[in-house]
There are 2 protein chains.
Amino acid sequence: MRKHLSLLAGILLPAALLAQEKINMEVMQQIRTEALEHSGAAELAHQLTDIAGPRLTNSPGYMRAAKWAVQTLRQWGLNKAALEPWGVFGKGWSTEHVYAAIKKPYYQPLIAFPLAWSQGTKGLVTGNAILLDSMTITAIDRLGSNLRGKIVLLHTRDSLLKPAPAIYRYPDSVLNSLPDKYMVRRESLTRHLETAKLTAAAKKHLATKGVIALISLQGNGRDGTMEVNGHNGYAKGFELPVPELTVTKEDFLRISRLLRSSVPVNLELDIQNKWYTDDLNGYNVIGDITGTDPALKDEVVIAGGHLDSWHSGTGATDNGAGCVIMMEALRILKAIGVQPRRTIRIALWGGEEQGLYGSFNYVKKHYGNPADMQLLPAQQQVSAYFNLDNGSGKIRGIYLQQNDAAGPVFRSWLAPFADLGATGVTRSNTGSTDHLPFDAVGIPAFQFIQDPLEYETRTHHTNMDTYEHLSMDDIKQASAVMAAFLYNAAMRDEKLPRKPQPHAEQFVFDLNYPL
Amino acid sequence: MRKHLSLLAGILLPAALLAQEKINMEVMQQIRTEALEHSGAAELAHQLTDIAGPRLTNSPGYMRAAKWAVQTLRQWGLNKAALEPWGVFGKGWSTEHVYAAIKKPYYQPLIAFPLAWSQGTKGLVTGNAILLDSMTITAIDRLGSNLRGKIVLLHTRDSLLKPAPAIYRYPDSVLNSLPDKYMVRRESLTRHLETAKLTAAAKKHLATKGVIALISLQGNGRDGTMEVNGHNGYAKGFELPVPELTVTKEDFLRISRLLRSSVPVNLELDIQNKWYTDDLNGYNVIGDITGTDPALKDEVVIAGGHLDSWHSGTGATDNGAGCVIMMEALRILKAIGVQPRRTIRIALWGGEEQGLYGSFNYVKKHYGNPADMQLLPAQQQVSAYFNLDNGSGKIRGIYLQQNDAAGPVFRSWLAPFADLGATGVTRSNTGSTDHLPFDAVGIPAFQFIQDPLEYETRTHHTNMDTYEHLSMDDIKQASAVMAAFLYNAAMRDEKLPRKPQPHAEQFVFDLNYPL
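This structure is a prediction, so every number in the text was calculated from the model and none was measured.

Q: Help me out: how do you make sense of the overall build of chain A in this one?
A: A count of helices and strands for chain A gives 15 helices and 18 strands. The globule rule puts the C-alpha radius of gyration for 515 residues at 24 Å, and the 24 Å found for chain A is close to it. With the C-alpha coordinates aligned to their principal axes, the bounding extent of chain A is approximately 75 × 50 × 45 Å. Per-residue burial over chain A gives 63% buried out of 515 residues. Sequence separation of at least 24 residues holds for 86% of the intrachain contacts in chain A that already meet a minimum separation of 6. Here chain A displays about 19,000 Å² of accessible surface, and carbon together with sulfur accounts for 54% of that area. Averaging the locations of the 52 positively and 51 negatively charged side chains of chain A gives two centres separated by 5 Å.

Q: Would you explain the relation of the copies chain B and chain A in this entry?
A: Superposing chain B onto chain A requires a rotation of 180 degrees together with a translation of 0.0 Å along the rotation axis, leaving an RMSD of 0.0 Å. Given the turn and translation reported, the copies of this chain are related as if by a two-fold rotation axis. When C-alpha distances to the rotation axis are compared across chain B, the minimum falls at Gly224 of chain B, with a value of 2.1 Å. Interface residue correspondence from chain B to chain A reaches 100%, placing this contact among same-surface, isologous pairings.

Q: Please explain the side chain of Lys249 of chain B as it appears in this structure.
A: All names here are of chain B. Within the secondary structure, Lys249 sits in helix α8 (residues 249-260). Judged by relative accessible area, Lys249 falls into the buried class, the value being 2%. Discounting chain neighbours no more than four positions away, the residues touching Lys249 are Asp158, Leu160, Leu161, Leu217, Asn220 and Gly221.

Q: Just to check I follow, could you spell out the environment of Asp439 of chain B for this structure?
A: All names here are of chain B. Positionally, Asp439 belongs in helix α13 (residues 435-440). Looking at Asp439, the relative accessible area reads 10%, which means it is buried. Taking the C-alpha atoms as reference, Asp439 lies 30 Å from Gly77; in sequence the two are 362 residues apart.

Q: Is there a simple way to think about unusual backbone geometry in this case?
A: For residues besides glycine, phi is generally negative; the peptide bonds are generally trans as well. With an omega of 15 degrees, the peptide bond between Lys104 of chain A and Pro105 of chain A qualifies as cis. Residue position: Pro105 of chain A is located in the loop between β2 (92-104) and β3 (108-109). Here Leu356 of chain B, not a glycine, exhibits a phi torsion of approximately 55 degrees, which is positive. Inspection of the secondary structure assignment puts Leu356 of chain B in the loop between α10 (352-355) and α11 (357-366). Note on Leu356 of chain B: relative accessible area 0%, which makes it buried. Look at Met373 of chain B: it is not a glycine, yet its phi comes out positive at around 55 degrees. You can see Met373 of chain B is positioned in the loop between β13 (368-369) and β14 (374-375). On the accessibility criterion, Met373 of chain B (18% relative accessible area) is buried.

Q: Is there a simple way to think about the pairing of strand β11 (residues 300-306) of chain B in this case?
A: Note on strand geometry: in a regular strand, side chains alternate between the two faces of the sheet. All names here are of chain B. Counting buried positions along β11 yields 7 of 7 residues, so the element is predominantly enclosed. In β11, alternate side chains face the same way, and those of Val300, Ile302, Gly304 and His306 on one face and Val301, Ala303 and Gly305 on the other are all buried. Direction of pairing for β11 relative to strand β12 (residues 343-349): parallel, over a ladder of 7 bridges. Counterpart to Val301 in the pairing with β12 is Ile344. Note that β11 and strand β15 (residues 382-387) share 5 bridges and pair parallel.

Q: What's the story with the domain arrangement of chain A in this structure? I'm lost.
A: A common way to state how big an interface is: give the accessible area lost once the parts meet. Residues and elements named next belong to chain A. Taken domain by domain, chain A holds domain 1 (2-89 + 280-506) and domain 2 (93-166 + 206-276). Computed from C-alpha coordinates alone, the two centres of domain 1 and domain 2 are separated by 37 Å. With 19 residues of domain 1 at the contact, the number on the domain 2 side is 21 residues. The contact between domain 1 and domain 2 buries some 1,600 Å² in all, and 58% of this surface belongs to carbon and sulfur atoms. The largest contributions to the domain 1 side of the interface with domain 2 come from His311, Arg458 and Asn463, which together make up 32% of the buried area. Across the domain 1-domain 2 interface, the total number found is 1 salt bridge. A salt bridge links Asp223 to Arg458; the nearest nitrogen and oxygen atoms lie 2.7 Å apart. In terms of residue class, the side of domain 1 that touches domain 2 is made up of 8 nonpolar, 10 polar and 1 charged.

Q: What exactly am I supposed to notice about the packing of helix α3 (residues 25-37) of chain B against helix α15 (residues 472-491) of chain B here?
A: Each packed pair of helices is defined by two parameters, the angle between the axes and the distance between the axes. All names here are of chain B. Where α3 meets α15, the axes come as close as 8 Å, and the angle between the chain directions of the two elements is 150 degrees. By the angle class used here, α3 and α15 are roughly antiparallel. Here the hand of the crossing between α3 and α15 comes out right-handed. Along the contact surface, α3 presents Val27, Met28, Ile31, Ala35 and Leu36, while α15 presents Lys476, Gln477, Ala480, Ala483, Ala484, Tyr487 and Asn488. Grouping the amino acids of the contact of α3 with α15 by side-chain chemistry returns 9 nonpolar, 2 polar and 1 charged.

Q: Explanation requested: the interface of chain B and chain A in the structure shown.
A: Every contact between the two is made by 49 residues of chain B and, on the other side, 49 residues of chain A. Summed over both sides, the interface of chain B with chain A buries roughly 3,700 Å², with 58% coming from carbon and sulfur. The largest share of the area that chain B buries against chain A comes from Tyr107, Arg257 and Glu468 of chain B, three residues that together contribute 16% of it. For the pair chain B and chain A, the interface holds 8 salt bridges. Arg222 of chain A is the salt-bridge partner of Glu454 of chain B, the closest N and O atoms lying 2.6 Å from each other. Across the contact surface, chain B and chain A share 22 residue pairs in polar contact (both at pLDDT 80 or more). Those elements that place two or more of their residues in the side of chain B that touches chain A are α4 (41-51), β2 (92-104), β3 (108-109) and α8 of chain B.

Q: I'm lost on the UniProt feature "domain: Peptidase M28" (unreviewed entry) in chain A in this one. Help?
A: When the UniProt feature table is mapped onto this chain numbering, "domain: Peptidase M28" (unreviewed entry) sits at residues 284-485 of chain A. Between the C-alpha atoms that bound residues 284-485 of chain A the distance is 22 Å, and the span itself is 34% helix and 22% strand.

Q: I tried to follow the sheet that holds strand β7 (residues 213-215) of chain B on my own but got confused; where do I start?
A: Strand pairing in a sheet relies on backbone hydrogen bonds, with the paired strands running either antiparallel or parallel. All names here are of chain B. With mixed pairing, the 8 strands of this open sheet are ordered in space as β3-β2-β9-β5-β6-β7-β8-β4. Strands at the two margins of the open sheet, each flanked by one partner only, are β3 and β4 (112-114). Pairing between β7 and strand β8 (residues 244-247): 2 bridges, direction parallel. Following the sheet pairing, Leu214 is matched in β8 by Glu244.

Q: Honestly, the side chain of Glu34 of chain A in this entry has me stumped. Any pointers?
A: All names here are of chain A. With respect to the secondary-structure elements, Glu34 resides in helix α3 (residues 25-37). Look at Glu34 and you get buried, because its relative accessible area is 13%. Apart from the residues within four sequence positions on either side, Glu34 is in contact with Ser39, Arg331, Ile332, Ala335 and Ile336.

Q: Is there a simple way to think about the packing of aromatic side chains in this case?
A: One pair of aromatic rings is described through two measures. These are the centre distance and the angle between the planes. Inspection of the entire model under this criterion finds 49 aromatic pairs over all chains. Ring centres of Trp413 of chain A and Phe485 of chain A lie 5.2 Å apart, and the angle between their planes is 90 degrees; on these two criteria the pair is classed as edge-to-face. Of this pair, Trp413 of chain A sits in helix α12 (residues 406-414) while Phe485 of chain A sits in helix α15 (residues 472-491), and the two are 72 residues apart along the sequence. Across the pair, exposure class does not vary: Trp413 of chain A and Phe485 of chain A are buried alike. Between Tyr234 of chain B and Tyr357 of chain B the ring centres are 6.4 Å apart and the planes differ by 70 degrees, which places this aromatic pair in the edge-to-face class. Separated by 123 residues along the polypeptide, Tyr234 of chain B in the loop between β7 and β8 and Tyr357 of chain B in helix α11 bring together distant segments of the chain. For the residue pair Tyr234 of chain B and Tyr357 of chain B, the accessibility class agrees, reading buried in each case. Aromatic rings pair up to connect Trp86, Phe89, Trp117, Tyr234, Trp310 and Tyr357 of chain A into one cluster.

The rules behind the values
Residue positions within a chain follow its written sequence, with the count starting from 1. Each chain takes a letter, starting from A, and each ligand takes a number, starting from 1, following the order in which they are written. In keeping with the predicted nature of the model, local features appear solely for residues at pLDDT of at least 70, side-chain atom pairs appear and are counted solely at 80 or more, and the whole-chain, interface and lining totals rest on all residues. Think of the side-chain values as coming from all heavy atoms in the structure, minus any hydrogens and water. Strands here mean DSSP runs of E at least two residues long; helices mean DSSP runs of H or I at least four residues long; both are numbered from the N terminus. For a compact globule the rule gives 2.2 Å times the number of residues to the power 0.38, and the radius of gyration it is set against comes from C-alpha atoms. Working definition: with a 1.4 Å probe on protein chains only, accessible area under 20% of the residue-type maximum means buried, over 50% means exposed, and in between means partly exposed. By definition in these notes, contact holds between two residues if any of their heavy atoms fall within 4.5 Å. Accessible surface area values rest on a Shrake-Rupley calculation with a 1.4 Å probe, where residue burial reflects the displayed protein chains alone. In this tally, Lys and Arg are treated as positive and Asp and Glu as negative; His is ignored, and so are the chain termini. Just so you know, the charge point we use is NZ for Lys, CZ for Arg, CG for Asp and CD for Glu. Superposing the copies works by least squares over the C-alpha atoms of residues that have pLDDT at least 70 in both of them. By the convention used here, strands pair only if DSSP detects at least 2 bridges between them. The domain limits used here are those given by an automatic or database domain assignment. The term buried area refers to how much accessible surface (probe radius 1.4 Å) is lost by two components on association, counted for both of them together. Here a salt bridge means any side-chain nitrogen of Lys or Arg lying within 4 Å of a carboxyl oxygen belonging to Asp or Glu. Side-chain classes are defined by residue name, with Ala, Val, Leu, Ile, Met, Phe, Trp, Tyr, Cys and Pro counting as nonpolar, Asp, Glu, Lys and Arg as charged, and the others, Gly among them, as polar. Axis lines are fitted to C-alpha atoms, over the contacting stretch for helices. Their N-to-C directions set the angle, which ranges from 0 to 180 degrees. Each angle gets one of four labels, with under 35 degrees taken as roughly parallel, over 145 as roughly antiparallel, 65 to 115 as roughly perpendicular, and the rest as oblique. Take the far helix as the reference: if the near one is turned anticlockwise from it by less than a right angle, the crossing is left-handed, and if turned clockwise, right-handed. We call two N or O atoms a polar contact when they sit within 3.5 Å, provided that within protein one can donate a hydrogen and the other can accept it, with sequence-adjacent residues counted only if both atoms are side-chain atoms. UniProt positions are given in the numbering used here, feature names are shortened, and annotations may be inferred rather than shown by experiment. The criterion for an aromatic pair is that two Phe, Tyr or Trp rings (for Trp, the six-membered ring) have centres within 6.5 Å, with stacked assigned to planes under 30 degrees apart, edge-to-face to planes over 60 apart and tilted to the rest.

This is the structure we're talking about:
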């Protein structure tokens, strides 16, 4: 039924509605020229990745990046550019020394990284490796006193490498009918939280066995690329006592095979981490191009992406790219001197990776709590929220998030960028990032369709999420499309159409642990 | 003209000559069954990579692997299985501690590896990074006293990542007409040696400037994969005084960009290497299945591959795979109990990566010196030398090395394996490995066409040359084909046809530094 409605909208309505959308083609051309020929994106990306470093929420790197962003927005002439605290997050953390190696049967350094908010080791420590079948109290007790003084490898079922990933681009044909992506169902979330509790309890039990450290695979890296996530040890009461790190799949499987062949593997580790407790608040970065139409300037169009990253790379594609594109879009609009009727706001969120905290708390504070749907008056003043968080691939279109009425509007906005590959309007939902809290309180909120490139196969949450893995040509294209969307939304006579009454049951996102 | 002859051979002769090659289809079927259904290849590969570790020539890992190979060949019942010294190589070397990190502007561990036979650091050392334009005395003197106490990054012209590599297989259509591959022309070799001398002189000059270490890119890795080669510091008088290491391209370019943005980059290094001088001899591993025909048993068919590897991985594809396939081929022949007329010899060479030393000196000692073409009588007794050294890809055919007369023989030998993808007979030469010394003294010597997989794009000389990157199915197929070739060559009434008189000018291989 939904699909039928969607097809109907796609076939019958566009011609009529396109005519109603006024597009200022002169401005569109200025945007293209500024975005493609005078791009500032590479320098923004360099600043945000190489110079700020990893941007784990509440880490020094995050604060460096956030302060740089505020300063940059101010330099461009944005109003009210500032850090906005969104509430208590918890402790900051960074790693200050990472060393891991096989010592016997022969020396081999390991490519390793501690999990975020994990404990360091007691200086340089050595111990034999041991395989633990699963992170359960039963499996731990099965090994019993054999665990004392050991470095524990948590068994993985993956015994082989997945095929080498390729860089992927969508064919045009799929762009109007993509399936839902990254949506988390309430049941899976509940199951996930239950498992997480059991895992945390097992890890606390493991700590009582006198182990030196725990090594676990976090995802499906290969070739020296490894996924590195974290604990929720930023929050009080969630600290885990055992030092935990990850290594590459190649290193992990080599050690596992040696152990299975009964060859003792002696490892040495020296991991030193630093905790920051001086300011437990989380911060977003906010800045405005103030609207100029007296009747509309209190209305707002928001462009957002999360500024925080994981810590083993420099968060270039997750989500430096989104921040760069959004910042660059605002720079373009300032550079060509537009006078938007509505206010255009940029919002760079913190704490996304730990549970969309920055955006969720921003929405709760300004627009209402999705849990009880007690909405605040300002909720009515947001025309739209646009988010980017799927890597550095160019924009191929937009997810409607089931907002059918917005479809014809976006088709007309995308039309001037069809030659740059941005053509798709797909009815589906996409999830797992910062538009969800906005969507949950009934604000039209959207993510774009981006070419996947090597986002999911190589860079997402990995040590290879670095500047080199950005596609700057894609970022330039996306900056042009974003600038156009923000401009069009700010100039349109009406706010963007809203979906029928939202309801709290739709409000499911991947809050790992409620604070 | 050559191409014309080749086509002629391909079109007109096979039917006639196929008939002359006697193929024992029963034995071919036994070989297939043993290779594909009772393979020992995975365990051989595990022993040679995971358990022996890196096999740098004359390192403890090389000697572990060589001794294991001898013992294994003996267990299978091979005769005369032994280490055979081939002359003086030089010092052994292994790394015992590798630590490298960015300390400022923020902490980030580096994926790093010292070059083979390079010096270690004086314990844990720290210094600011500096970019050196080129490894020339002029460029060094331009930086002058600024170099003191610095860690030098040797500029690379590569400023971006190459596209992500894919796993490649040859289409059938190209297998009979591949171009020459890996052949080194005398002029390029001369130029290379001249450049190497200048580079070594510049590095010695750099040492006088008080630098802490040198970081250089060795190849085109990405994603955490890095190529790691070595100096020729094994040989007396070739030691280079500056500690030299390589890092991933991502790490290298990040530091370079920071320096170009005038951000000071403070690095810390702790690299400890160990030298071994107790035995400077190099060793090959030799073993025989002795021939049973009184008239032919002094004739020999040799199967070879190099046992030595570079040191940052475990030499799984370069050339663990070749050794595994050759060993497995002999295991298969023993397992099915063949009684070959000629002797079948396996030869696992040392010192290949430094200049084909093991095979070259073996040939010089037993068959004659290609430099003056003074041949020894035993040269006449070698029917053929077969080599494998292009990764773990399955055998798709064979390079004739311009030995046209061997073409029809090989076509008939390959025929029973056409369904496994081995069909190509290509007239071209292939180089850069251990069949070249045999070819140079007029012994029919061949390398096989192997599917490239990710050999040149990912594993060759890199830290990712590990067990995971082997394709065990491909190795099983190759073991079957190899066993068949060795059996057929040992059973054939005649030795394999020889090329017209070889001449020393063809004798060009990549001896980097004559010992």
